Amino acid sequence: MKAKTKIQDFVGDSNVLSSTSPNTARRKLIQTIGSASILSLIDPMVKAGAWAAGSDAPEKTDVKVSFIALTDCSSVVMANHLGLDKKYGVKIIPTKEASWAAIRDKLVNGENDMSHILYGLIYGLQMGIGGQQKDMSVLMSLNNNGQAITLSKALYQKGVTDGTSLKALMDKEKRDYTFAQTFPTGTHAMWLYYWLANYGINPFKDAKIITVPPPQMVANMRSGNMDGYCVGEPWNARAIIDGIGFTATTTQAIWQDHPEKALGTTSDFAKKYPNTCRAVTAAILEAGKYIDASTSNKHTTAEVVSAPSFVNTDVSVIQDRMMGRYSNGIGKTWDDPHAMTFYNNGLATFPYLSDGMWFMTQHKRWGLLKEHPDYLAVAKKVNNIAIYKDAATASKTPLPKSDMRSSKLFDGVVWNGSNPAAYADSFKIKA
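Note that this is a predicted model, so its numbers are computed, not measured.

Asker: I'd love a proper account of the overall build of the protein, names of residues and values included.
Answerer: Within the protein, the regular secondary structure consists of 21 helices and 14 strands. Counting only residues that meet the buried cut, the protein has 57% of its 431 residues in that class. Sequence-distant contacts in the protein: of pairs separated by 6 or more residues, those separated by 24 or more amount to 77%. As displayed, the protein has an accessible area near 17000 Å², and 50% of this comes from carbon and sulfur atoms.

In C-alpha coordinates form, the structure reads like this:
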(Lines give C-alpha, C1' and ligand atoms only; values in the text may rest on other atoms or scores of the structure.)
Protein backbone atom coordinates (compact mmCIF):
# COMPACT_ATOMS: atom_id res chain seq x y z
CA MET A 1 0.00 0.00 0.00
CA LYS A 2 2.81 2.39 0.77
CA ALA A 3 3.99 2.39 -2.80
CA LYS A 4 0.63 3.78 -3.89
CA THR A 5 0.38 6.43 -1.22
CA LYS A 6 0.51 10.02 -2.45
CA ILE A 7 1.35 13.01 -0.30
CA GLN A 8 -1.80 14.75 -1.57
CA ASP A 9 -3.83 12.08 0.22
CA PHE A 10 -2.70 13.56 3.50
CA VAL A 11 -1.93 17.23 2.93
CA GLY A 12 -4.18 18.18 0.02
CA ASP A 13 -3.28 19.64 -3.33
CA SER A 14 -0.17 21.83 -3.16
CA ASN A 15 -1.82 24.46 -5.33
CA VAL A 16 -4.23 25.38 -2.55
CA LEU A 17 -1.88 25.20 0.40
CA SER A 18 -1.80 28.97 0.71
CA SER A 19 -5.54 29.05 1.39
CA THR A 20 -5.50 26.31 4.00
CA SER A 21 -4.62 27.30 7.55
CA PRO A 22 -2.17 25.16 9.55
CA ASN A 23 -4.84 24.36 12.16
CA THR A 24 -7.34 23.17 9.54
CA ALA A 25 -4.72 21.01 7.90
CA ARG A 26 -3.77 19.53 11.26
CA ARG A 27 -7.37 18.65 12.13
CA LYS A 28 -7.81 16.90 8.78
CA LEU A 29 -4.67 14.91 9.37
CA ILE A 30 -5.85 13.81 12.80
CA GLN A 31 -9.24 12.79 11.41
CA THR A 32 -7.56 10.82 8.64
CA ILE A 33 -4.88 8.92 10.49
CA GLY A 34 -5.75 9.23 14.15
CA SER A 35 -2.74 9.20 16.42
CA ALA A 36 -0.42 7.55 13.88
CA SER A 37 2.64 9.40 12.68
CA ILE A 38 2.04 10.79 9.21
CA LEU A 39 5.64 10.33 8.18
CA SER A 40 5.49 6.62 9.01
CA LEU A 41 2.66 6.20 6.48
CA ILE A 42 4.22 8.05 3.57
CA ASP A 43 6.35 6.38 0.96
CA PRO A 44 9.98 7.45 1.42
CA MET A 45 10.10 8.75 -2.14
CA VAL A 46 7.51 11.40 -1.35
CA LYS A 47 8.19 11.94 2.32
CA ALA A 48 9.95 15.20 1.53
CA GLY A 49 6.58 16.60 0.50
CA ALA A 50 5.45 16.53 4.12
CA TRP A 51 7.47 19.70 4.58
CA ALA A 52 4.63 21.41 2.72
CA ALA A 53 2.14 20.57 5.48
CA GLY A 54 1.05 22.27 8.68
CA SER A 55 3.38 24.78 10.32
CA ASP A 56 6.08 23.92 7.79
CA ALA A 57 3.92 25.03 4.87
CA PRO A 58 5.54 27.63 2.60
CA GLU A 59 4.46 31.08 3.69
CA LYS A 60 4.45 32.25 0.06
CA THR A 61 3.58 29.74 -2.64
CA ASP A 62 4.13 31.67 -5.89
CA VAL A 63 7.84 32.54 -6.04
CA LYS A 64 9.36 34.71 -8.76
CA VAL A 65 12.93 33.55 -9.38
CA SER A 66 14.77 35.79 -11.82
CA PHE A 67 17.53 34.60 -14.13
CA ILE A 68 19.86 35.64 -16.92
CA ALA A 69 20.03 33.80 -20.26
CA LEU A 70 22.87 31.46 -19.30
CA THR A 71 23.18 27.68 -19.24
CA ASP A 72 23.62 27.71 -15.47
CA CYS A 73 20.04 28.91 -14.95
CA SER A 74 19.04 25.33 -15.86
CA SER A 75 18.27 23.94 -12.40
CA VAL A 76 15.93 26.86 -11.67
CA VAL A 77 14.10 26.32 -14.97
CA MET A 78 13.97 22.54 -14.62
CA ALA A 79 12.65 22.66 -11.05
CA ASN A 80 9.54 24.25 -12.50
CA HIS A 81 9.49 22.32 -15.77
CA LEU A 82 9.65 18.94 -14.02
CA GLY A 83 7.06 19.92 -11.40
CA LEU A 84 9.52 19.46 -8.54
CA ASP A 85 8.41 22.76 -7.06
CA LYS A 86 4.86 21.41 -6.62
CA LYS A 87 6.23 18.54 -4.58
CA TYR A 88 7.33 21.08 -1.98
CA GLY A 89 4.17 23.19 -2.10
CA VAL A 90 5.49 26.10 -4.16
CA LYS A 91 5.33 27.34 -7.74
CA ILE A 92 8.63 28.65 -9.10
CA ILE A 93 8.01 31.35 -11.68
CA PRO A 94 11.19 31.73 -13.76
CA THR A 95 11.52 35.43 -14.63
CA LYS A 96 13.95 36.47 -17.34
CA GLU A 97 15.96 39.67 -16.92
CA ALA A 98 18.29 41.43 -19.35
CA SER A 99 21.28 42.23 -17.14
CA TRP A 100 22.79 41.64 -13.73
CA ALA A 101 21.98 45.23 -12.83
CA ALA A 102 18.31 44.48 -13.47
CA ILE A 103 18.63 41.29 -11.43
CA ARG A 104 20.12 43.30 -8.57
CA ASP A 105 17.55 46.09 -8.63
CA LYS A 106 14.46 43.88 -8.84
CA LEU A 107 15.74 41.55 -6.15
CA VAL A 108 16.57 44.34 -3.73
CA ASN A 109 13.30 46.20 -4.28
CA GLY A 110 11.22 43.03 -3.88
CA GLU A 111 9.84 42.85 -7.41
CA ASN A 112 11.46 39.41 -7.65
CA ASP A 113 11.71 37.06 -4.70
CA MET A 114 14.91 35.15 -5.45
CA SER A 115 17.44 35.01 -8.22
CA HIS A 116 19.92 32.96 -10.16
CA ILE A 117 22.73 35.39 -9.39
CA LEU A 118 26.47 35.90 -9.46
CA TYR A 119 27.96 34.75 -6.16
CA GLY A 120 30.16 37.83 -5.94
CA LEU A 121 27.25 40.17 -6.66
CA ILE A 122 25.51 38.97 -3.51
CA TYR A 123 28.59 39.72 -1.43
CA GLY A 124 29.04 43.07 -3.11
CA LEU A 125 25.55 44.10 -2.05
CA GLN A 126 26.18 42.85 1.46
CA MET A 127 29.30 45.03 1.66
CA GLY A 128 27.75 48.03 -0.08
CA ILE A 129 29.73 47.80 -3.33
CA GLY A 130 28.21 47.35 -6.78
CA GLY A 131 24.94 48.72 -5.39
CA GLN A 132 23.39 50.17 -2.26
CA GLN A 133 24.11 48.12 0.85
CA LYS A 134 21.53 45.46 1.52
CA ASP A 135 21.70 42.44 3.80
CA MET A 136 21.59 39.41 1.56
CA SER A 137 21.23 35.64 1.79
CA VAL A 138 22.79 32.84 -0.26
CA LEU A 139 20.46 29.84 -0.06
CA MET A 140 22.58 27.48 -2.16
CA SER A 141 25.21 27.30 -4.86
CA LEU A 142 23.52 26.63 -8.20
CA ASN A 143 26.52 25.25 -10.07
CA ASN A 144 30.27 24.79 -10.29
CA ASN A 145 32.41 25.39 -13.39
CA GLY A 146 31.24 26.06 -16.96
CA GLN A 147 32.38 29.61 -17.71
CA ALA A 148 35.25 30.67 -19.97
CA ILE A 149 37.43 33.50 -21.23
CA THR A 150 36.99 34.22 -24.93
CA LEU A 151 39.53 36.19 -26.96
CA SER A 152 38.91 37.65 -30.40
CA LYS A 153 39.98 36.02 -33.65
CA ALA A 154 41.80 39.28 -34.41
CA LEU A 155 44.13 38.53 -31.49
CA TYR A 156 44.58 34.96 -32.71
CA GLN A 157 45.65 36.25 -36.10
CA LYS A 158 48.44 38.11 -34.31
CA GLY A 159 49.64 34.95 -32.61
CA VAL A 160 47.66 35.00 -29.37
CA THR A 161 46.51 31.59 -28.13
CA ASP A 162 46.78 31.92 -24.34
CA GLY A 163 47.68 34.26 -21.50
CA THR A 164 51.42 34.19 -22.14
CA SER A 165 51.10 35.14 -25.79
CA LEU A 166 48.49 37.77 -24.94
CA LYS A 167 50.93 39.42 -22.54
CA ALA A 168 53.67 39.32 -25.20
CA LEU A 169 51.44 41.01 -27.77
CA MET A 170 50.28 43.67 -25.31
CA ASP A 171 53.90 44.46 -24.48
CA LYS A 172 54.87 44.59 -28.17
CA GLU A 173 51.89 46.43 -29.66
CA LYS A 174 50.89 49.25 -27.35
CA ARG A 175 47.25 50.30 -27.62
CA ASP A 176 44.09 50.20 -25.54
CA TYR A 177 43.08 46.58 -24.98
CA THR A 178 39.49 46.15 -23.88
CA PHE A 179 38.11 43.22 -21.91
CA ALA A 180 34.54 42.73 -20.73
CA GLN A 181 33.04 41.18 -17.65
CA THR A 182 29.37 40.97 -16.72
CA PHE A 183 29.24 42.85 -13.39
CA PRO A 184 31.99 44.65 -11.42
CA THR A 185 31.74 42.49 -8.27
CA GLY A 186 30.65 39.30 -10.03
CA THR A 187 32.27 35.98 -10.69
CA HIS A 188 33.20 36.70 -14.32
CA ALA A 189 35.05 39.85 -13.30
CA MET A 190 37.02 37.95 -10.67
CA TRP A 191 37.94 35.08 -13.03
CA LEU A 192 39.04 37.55 -15.72
CA TYR A 193 41.14 39.64 -13.33
CA TYR A 194 42.71 36.58 -11.70
CA TRP A 195 43.64 35.11 -15.09
CA LEU A 196 45.06 38.33 -16.53
CA ALA A 197 47.08 39.04 -13.39
CA ASN A 198 48.60 35.56 -13.45
CA TYR A 199 50.26 36.50 -16.74
CA GLY A 200 51.47 39.87 -15.51
CA ILE A 201 48.59 41.94 -16.88
CA ASN A 202 47.08 44.38 -14.40
CA PRO A 203 43.42 44.61 -15.47
CA PHE A 204 43.10 48.20 -14.24
CA LYS A 205 46.45 49.60 -15.36
CA ASP A 206 47.25 47.65 -18.51
CA ALA A 207 43.76 47.27 -19.98
CA LYS A 208 40.34 48.84 -20.23
CA ILE A 209 37.57 46.95 -18.43
CA ILE A 210 33.93 47.29 -19.47
CA THR A 211 30.70 45.74 -18.25
CA VAL A 212 28.45 43.97 -20.78
CA PRO A 213 25.37 41.79 -20.09
CA PRO A 214 26.00 38.10 -20.93
CA PRO A 215 23.67 37.78 -23.95
CA GLN A 216 25.26 40.87 -25.55
CA MET A 217 28.87 39.65 -25.41
CA VAL A 218 28.95 38.03 -28.84
CA ALA A 219 27.41 41.01 -30.62
CA ASN A 220 29.86 43.40 -28.97
CA MET A 221 32.85 41.28 -29.96
CA ARG A 222 31.53 41.00 -33.50
CA SER A 223 31.32 44.79 -33.74
CA GLY A 224 34.90 45.17 -32.50
CA ASN A 225 34.11 46.69 -29.12
CA MET A 226 36.39 44.33 -27.19
CA ASP A 227 39.41 42.08 -27.39
CA GLY A 228 38.09 39.50 -24.95
CA TYR A 229 35.51 38.70 -22.34
CA CYS A 230 34.65 36.37 -19.52
CA VAL A 231 31.11 35.01 -19.40
CA GLY A 232 29.09 31.89 -18.79
CA GLU A 233 27.97 29.46 -21.43
CA PRO A 234 26.63 29.32 -24.04
CA TRP A 235 28.15 32.67 -25.08
CA ASN A 236 31.71 31.36 -25.33
CA ALA A 237 30.61 28.47 -27.54
CA ARG A 238 28.49 30.88 -29.57
CA ALA A 239 31.54 33.05 -30.36
CA ILE A 240 33.33 30.00 -31.77
CA ILE A 241 30.36 28.92 -33.88
CA ASP A 242 30.04 32.46 -35.23
CA GLY A 243 33.76 32.52 -36.07
CA ILE A 244 34.59 35.64 -34.07
CA GLY A 245 36.43 34.27 -31.04
CA PHE A 246 38.17 31.35 -29.36
CA THR A 247 38.34 29.96 -25.84
CA ALA A 248 41.61 30.96 -24.17
CA THR A 249 40.74 29.08 -20.98
CA THR A 250 37.81 27.65 -19.11
CA THR A 251 37.15 28.79 -15.58
CA GLN A 252 37.39 25.22 -14.29
CA ALA A 253 40.98 25.32 -15.54
CA ILE A 254 41.50 28.36 -13.29
CA TRP A 255 39.78 26.80 -10.27
CA GLN A 256 38.48 23.27 -10.51
CA ASP A 257 34.93 23.06 -9.11
CA HIS A 258 34.78 26.78 -8.39
CA PRO A 259 31.63 28.45 -7.06
CA GLU A 260 29.68 30.31 -9.72
CA LYS A 261 25.99 31.22 -9.52
CA ALA A 262 24.02 31.19 -6.30
CA LEU A 263 20.35 31.12 -5.41
CA GLY A 264 20.15 34.49 -3.74
CA THR A 265 17.56 36.51 -1.92
CA THR A 266 17.46 39.34 0.56
CA SER A 267 17.97 38.62 4.23
CA ASP A 268 14.55 40.15 4.88
CA PHE A 269 12.87 37.66 2.53
CA ALA A 270 14.69 34.69 4.07
CA LYS A 271 13.63 35.75 7.56
CA LYS A 272 10.01 36.39 6.57
CA TYR A 273 9.57 33.28 4.40
CA PRO A 274 11.97 30.59 5.70
CA ASN A 275 9.70 27.70 4.71
CA THR A 276 9.37 29.08 1.20
CA CYS A 277 13.13 29.40 0.95
CA ARG A 278 13.57 25.82 2.12
CA ALA A 279 10.97 24.54 -0.35
CA VAL A 280 12.44 26.33 -3.36
CA THR A 281 15.96 25.26 -2.42
CA ALA A 282 14.88 21.63 -2.07
CA ALA A 283 13.14 21.68 -5.45
CA ILE A 284 16.20 23.14 -7.17
CA LEU A 285 18.45 20.60 -5.44
CA GLU A 286 16.36 17.84 -6.96
CA ALA A 287 16.49 19.53 -10.36
CA GLY A 288 20.27 19.73 -10.19
CA LYS A 289 20.42 16.05 -9.29
CA TYR A 290 18.21 15.28 -12.29
CA ILE A 291 20.41 17.23 -14.70
CA ASP A 292 23.64 15.61 -13.52
CA ALA A 293 22.17 12.09 -13.46
CA SER A 294 22.55 11.21 -17.15
CA THR A 295 23.47 12.31 -20.64
CA SER A 296 19.82 11.95 -21.60
CA ASN A 297 18.75 14.31 -18.83
CA LYS A 298 21.31 16.88 -19.93
CA HIS A 299 20.02 16.64 -23.48
CA THR A 300 16.45 17.17 -22.26
CA THR A 301 17.58 20.12 -20.16
CA ALA A 302 19.40 21.70 -23.11
CA GLU A 303 16.26 21.38 -25.23
CA VAL A 304 14.13 23.04 -22.55
CA VAL A 305 16.44 25.94 -21.71
CA SER A 306 17.32 26.70 -25.34
CA ALA A 307 13.79 28.07 -25.84
CA PRO A 308 13.32 31.80 -26.54
CA SER A 309 11.81 32.34 -23.10
CA PHE A 310 15.04 31.12 -21.48
CA VAL A 311 18.49 31.16 -23.13
CA ASN A 312 17.25 31.64 -26.70
CA THR A 313 19.90 29.85 -28.75
CA ASP A 314 20.42 26.59 -30.62
CA VAL A 315 20.26 23.40 -28.57
CA SER A 316 23.67 22.27 -29.82
CA VAL A 317 25.33 25.47 -28.58
CA ILE A 318 24.21 24.63 -25.03
CA GLN A 319 24.42 20.87 -25.17
CA ASP A 320 28.03 20.23 -26.17
CA ARG A 321 29.68 22.10 -23.31
CA MET A 322 27.04 20.94 -20.85
CA MET A 323 28.11 17.41 -21.81
CA GLY A 324 31.77 18.35 -21.40
CA ARG A 325 32.52 18.24 -25.14
CA TYR A 326 34.84 21.19 -25.75
CA SER A 327 36.49 22.78 -28.75
CA ASN A 328 38.53 25.93 -28.27
CA GLY A 329 37.90 27.14 -31.80
CA ILE A 330 41.55 27.06 -32.87
CA GLY A 331 42.13 23.34 -33.27
CA LYS A 332 41.94 21.78 -29.82
CA THR A 333 39.09 19.48 -28.75
CA TRP A 334 38.70 17.58 -25.50
CA ASP A 335 36.29 15.90 -23.13
CA ASP A 336 36.35 17.97 -19.96
CA PRO A 337 35.79 15.92 -16.77
CA HIS A 338 35.10 19.15 -14.89
CA ALA A 339 32.38 20.67 -17.05
CA MET A 340 29.45 22.52 -15.51
CA THR A 341 27.84 20.55 -12.71
CA PHE A 342 24.59 21.29 -10.92
CA TYR A 343 24.71 18.75 -8.09
CA ASN A 344 27.78 16.49 -7.81
CA ASN A 345 26.29 14.58 -4.90
CA GLY A 346 25.66 17.83 -3.05
CA LEU A 347 29.19 19.18 -3.37
CA ALA A 348 28.25 21.65 -6.12
CA THR A 349 25.28 23.04 -4.21
CA PHE A 350 26.53 23.51 -0.64
CA PRO A 351 27.04 27.19 0.29
CA TYR A 352 30.56 26.85 1.69
CA LEU A 353 31.60 29.74 3.91
CA SER A 354 35.04 29.73 2.29
CA ASP A 355 33.47 30.31 -1.13
CA GLY A 356 31.80 33.51 0.00
CA MET A 357 34.98 34.61 1.77
CA TRP A 358 37.03 34.15 -1.41
CA PHE A 359 35.00 36.70 -3.33
CA MET A 360 35.53 39.24 -0.57
CA THR A 361 39.30 38.63 -0.71
CA GLN A 362 39.23 39.47 -4.41
CA HIS A 363 37.06 42.53 -3.82
CA LYS A 364 39.72 43.69 -1.35
CA ARG A 365 42.56 42.77 -3.73
CA TRP A 366 41.15 44.96 -6.50
CA GLY A 367 40.30 47.91 -4.27
CA LEU A 368 36.53 47.45 -4.28
CA LEU A 369 36.73 47.00 -0.52
CA LYS A 370 38.93 49.59 1.16
CA GLU A 371 39.43 47.69 4.42
CA HIS A 372 39.51 44.04 5.39
CA PRO A 373 36.07 42.93 6.61
CA ASP A 374 35.52 40.23 9.20
CA TYR A 375 35.51 37.65 6.42
CA LEU A 376 34.18 34.69 8.38
CA ALA A 377 31.53 36.68 10.26
CA VAL A 378 30.16 38.14 7.01
CA ALA A 379 30.09 34.72 5.34
CA LYS A 380 28.22 33.23 8.29
CA LYS A 381 25.69 36.02 8.03
CA VAL A 382 25.17 35.71 4.27
CA ASN A 383 25.38 31.97 3.56
CA ASN A 384 22.18 30.53 5.01
CA ILE A 385 23.50 27.10 5.89
CA ALA A 386 20.60 26.35 8.26
CA ILE A 387 17.98 26.66 5.51
CA TYR A 388 20.21 24.75 3.11
CA LYS A 389 20.58 21.85 5.53
CA ASP A 390 16.81 21.64 5.99
CA ALA A 391 16.38 21.61 2.22
CA ALA A 392 19.09 18.97 1.91
CA THR A 393 17.27 16.80 4.43
CA ALA A 394 14.00 17.19 2.53
CA SER A 395 15.61 16.37 -0.82
CA LYS A 396 17.93 13.67 0.55
CA THR A 397 21.00 15.60 -0.55
CA PRO A 398 24.25 14.53 1.15
CA LEU A 399 26.04 17.13 3.25
CA PRO A 400 29.81 17.73 3.22
CA LYS A 401 31.84 17.17 6.38
CA SER A 402 32.73 20.83 6.79
CA ASP A 403 31.32 24.29 6.05
CA MET A 404 34.75 25.18 4.61
CA ARG A 405 36.72 23.61 1.77
CA SER A 406 40.25 23.74 0.40
CA SER A 407 41.17 24.32 -3.26
CA LYS A 408 44.36 24.86 -5.26
CA LEU A 409 43.93 27.35 -8.08
CA PHE A 410 45.84 27.18 -11.36
CA ASP A 411 48.66 29.40 -10.05
CA GLY A 412 49.42 26.82 -7.36
CA VAL A 413 48.05 28.96 -4.52
CA VAL A 414 45.86 27.14 -2.00
CA TRP A 415 42.68 28.78 -0.72
CA ASN A 416 41.05 27.30 2.37
CA GLY A 417 39.68 30.33 4.18
CA SER A 418 42.11 30.04 7.09
CA ASN A 419 43.74 33.47 6.79
CA PRO A 420 41.73 35.56 4.35
CA ALA A 421 43.35 38.93 5.06
CA ALA A 422 46.86 37.58 4.46
CA TYR A 423 45.63 35.80 1.33
CA ALA A 424 44.07 38.97 -0.07
CA ASP A 425 47.27 40.94 0.58
CA SER A 426 49.59 38.25 -0.83
CA PHE A 427 49.07 38.87 -4.53
CA LYS A 428 51.84 40.66 -6.43
CA ILE A 429 49.42 42.33 -8.83
CA LYS A 430 46.57 44.14 -7.09
CA ALA A 431 44.96 47.57 -6.90
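Asker: Explain the pattern of salt bridges to me, using residue names and the numbers behind them.
Answerer: Taken as a whole and assessed by the stated rule, the structure comprises 17 salt bridges. Here K261 makes a salt bridge to D72, at a shortest N to O gap of 2.7 Å. In this pair, K261 is assigned in strand 10 (residues 261-266) and D72 in the loop between strand 1 (62-67) and helix 4 (74-81), connecting sequence segments 189 residues apart. Of the two residues examined, K261 and D72, each falls in the buried class. Taking the shortest distance from any N to any O, the salt bridge between R175 and D227 comes out at 2.7 Å. With a gap of 52 residues between them, R175 in the loop between helix 9 (163-172) and strand 6 (178-181) and D227 in the loop between helix 11 (217-222) and strand 8 (228-232) connect regions that are remote in the sequence. D227 sits in the buried class, given a relative accessible area of 9%. Connected via shared salt-bridge partners are R222, R238, D242 and D314.

Asker: Report on the sheet that holds strand 4 (residues 136-141), specifying residues and quantitative values.
Answerer: In space, the five strands of this open sheet follow the order 2-1-3-10-4, with mixed pairing throughout. What marks the edges here is a single partner per strand, and that holds for strand 2 (91-96) and strand 4. Each adjacent strand pair in this sheet contributes to an overall mean axis angle of 30 degrees, direction not counted. Sheet analysis places strand 1 next to strand 3 (residues 114-118), joined by two bridges and oriented parallel. The residue of strand 3 that forms the bridge with S66 is S115. Contacting strand 1, strand 2, strand 3, strand 4 and strand 10, helix 15 (residues 274-293) crosses the sheet at an angle of about 30 degrees to strand 4.

Asker: Just give me the short version of the sheet that holds strand 9 (residues 245-250), but keep the residues and values in it.
Answerer: Strand order in the open sheet formed by five strands is 7-6-8-5-9, and the pairing between neighbours is mixed. Every interior strand has two partners, whereas the edge strands, strand 7 (208-211) and strand 9, have only one. Mean inter-strand twist for the sheet, computed between neighbouring axes without regard to direction, equals 25 degrees. The pairing of strand 5 (residues 147-152) with strand 8 spans five bridges and is classified as antiparallel. Counted as the bridge partner of Q147 is G232 from strand 8.

Asker: Just give me the short version of the environment of T182, but keep the residues and values in it.
Answerer: Relative to the assigned elements, T182 resides in the loop between strand 6 and helix 10 (187-198). Sequence separation between T182 and A101 is 81 residues; the distance between their C-alpha atoms is 9.4 Å. Discounting chain neighbours no more than four positions away, the residues touching T182 are W100, L118, H188, T211, V212, P214, M217, C230 and V231. In this structure the side chain of T182 is engaged in a polar contact, spanning 3.4 Å, whose partner is the side chain of W100. In terms of polar contacts, T182 uses its side chain to reach the side chain of H188, at 2.7 Å.

Asker: Can you lay out the packing of aromatic side chains for me, pointing to particular residues and giving the numbers?
Answerer: Per the counting criterion, the structure on display carries 23 aromatic pairs. Centre to centre, the rings of Y193 and W366 are 5.8 Å apart; their planes meet at 75 degrees, and the pair counts as edge-to-face. Of this pair, Y193 sits in helix 10 while W366 sits in the loop between helix 18 (353-365) and helix 19 (375-382), and the two are 173 residues apart along the sequence. Accessibility classification places Y193 together with W366 in one group, the buried group.

Asker: Residue-level account of the side chain of D336, with values.
Answerer: Note that D336 resides in the loop between strand 12 (333-335) and helix 18. Of the side chains with opposite charge, K332 comes closest to the buried, unpaired D336, at an N-O distance of 8.4 Å. Within the local environment of D336, its side chain forms a polar contact with the backbone nitrogen of H338, the two atoms lying 2.8 Å apart.

Asker: Give me the lowdown on unusual backbone geometry, citing residues and values where you can.
Answerer: Backbone phi values are negative for most residues with the exception of glycine, while trans is the configuration of most peptide bonds. Going from E233 to P234, the amide bond is cis rather than trans, its omega being 15 degrees. Locating P234 in the fold gives a position in the loop between strand 8 and helix 12 (235-241). Residues other than glycine seldom take positive phi values, yet N312 does so here, at roughly 65 degrees. Looking at the secondary structure, you find N312 in the loop between helix 16 (295-305) and helix 17 (315-322). In this model, N344 sits at a positive phi of 50 degrees, which is unusual for a non-glycine residue. Here N344 falls in the partly exposed class, since its relative accessible area comes to 33%.

Asker: Pulling in residues and values, what's your account of the environment of R325?
Answerer: Along the polypeptide, R325 turns up in strand 11 (residues 325-327). Leave out the neighbours within four places in its chain, and R325 touches Q319, D320, W334 and D335.

Asker: Describe in detail helix 17, supporting the description with residues and values.
Answerer: Along helix 17, the positions that sit buried rather than exposed are V317, I318, Q319, R321 and M322. Residues of helix 17 that are buried sit in contact with helix 4, strand 5, helix 12, strand 9, helix 16 and strand 11. One or two steps after helix 17, the chain reaches G324, where phi turns positive at roughly 90 degrees.

Parameters at a glance
- Along each chain, the written sequence defines residue order, and numbers are assigned to residues from 1.
- Side-chain atom pairs in this predicted model are given and counted only at pLDDT of 80 or more, local residue features only at pLDDT of at least 70, and totals for whole chains, interfaces and linings cover all residues.
- The basis for every side-chain value is the complete set of non-hydrogen atoms in the structure, without hydrogens or water.
- Numbering of helices and strands runs from the N terminus; a helix is a DSSP stretch of H or I covering at least four residues, while a strand is a stretch of E covering at least two.
- The classification of residues rests on relative accessible area computed with a 1.4 Å probe and restricted to protein chains. Under 20% of the type maximum is buried, over 50% is exposed, and intermediate values are partly exposed.
- Any two residues whose heavy atoms approach within 4.5 Å at even a single point are treated as in contact.
- Accessibility throughout is a Shrake-Rupley quantity obtained with a 1.4 Å probe, and a residue counts as covered only by protein chains that appear here.
- In the sections that follow, a salt bridge refers to a side-chain nitrogen of Lys or Arg positioned within 4 Å of a carboxyl oxygen of Asp or Glu.
- Strand pairing follows a simple DSSP-based rule, namely that at least 2 bridges must link the two strands.
- Interaxial angles span 0 to 180 degrees and are taken between N-to-C directions of axes, which are lines fitted to C-alpha atoms, for helices over the stretch in contact.
- Think of a polar contact as two N or O atoms within 3.5 Å of one another; within protein, one of them needs to be a possible hydrogen donor and the other a possible acceptor, and neighboring residues in sequence only count if both atoms come from side chains.
- Planes of paired rings set the category: under 30 degrees apart is stacked, over 60 is edge-to-face and the rest tilted, where pairs are Phe, Tyr or Trp rings (Trp by its six-membered ring) whose centres lie within 6.5 Å.
- In this tally, Asp and Glu contribute negative charge and Lys and Arg positive charge; neither His nor the terminal groups of the chain are included.

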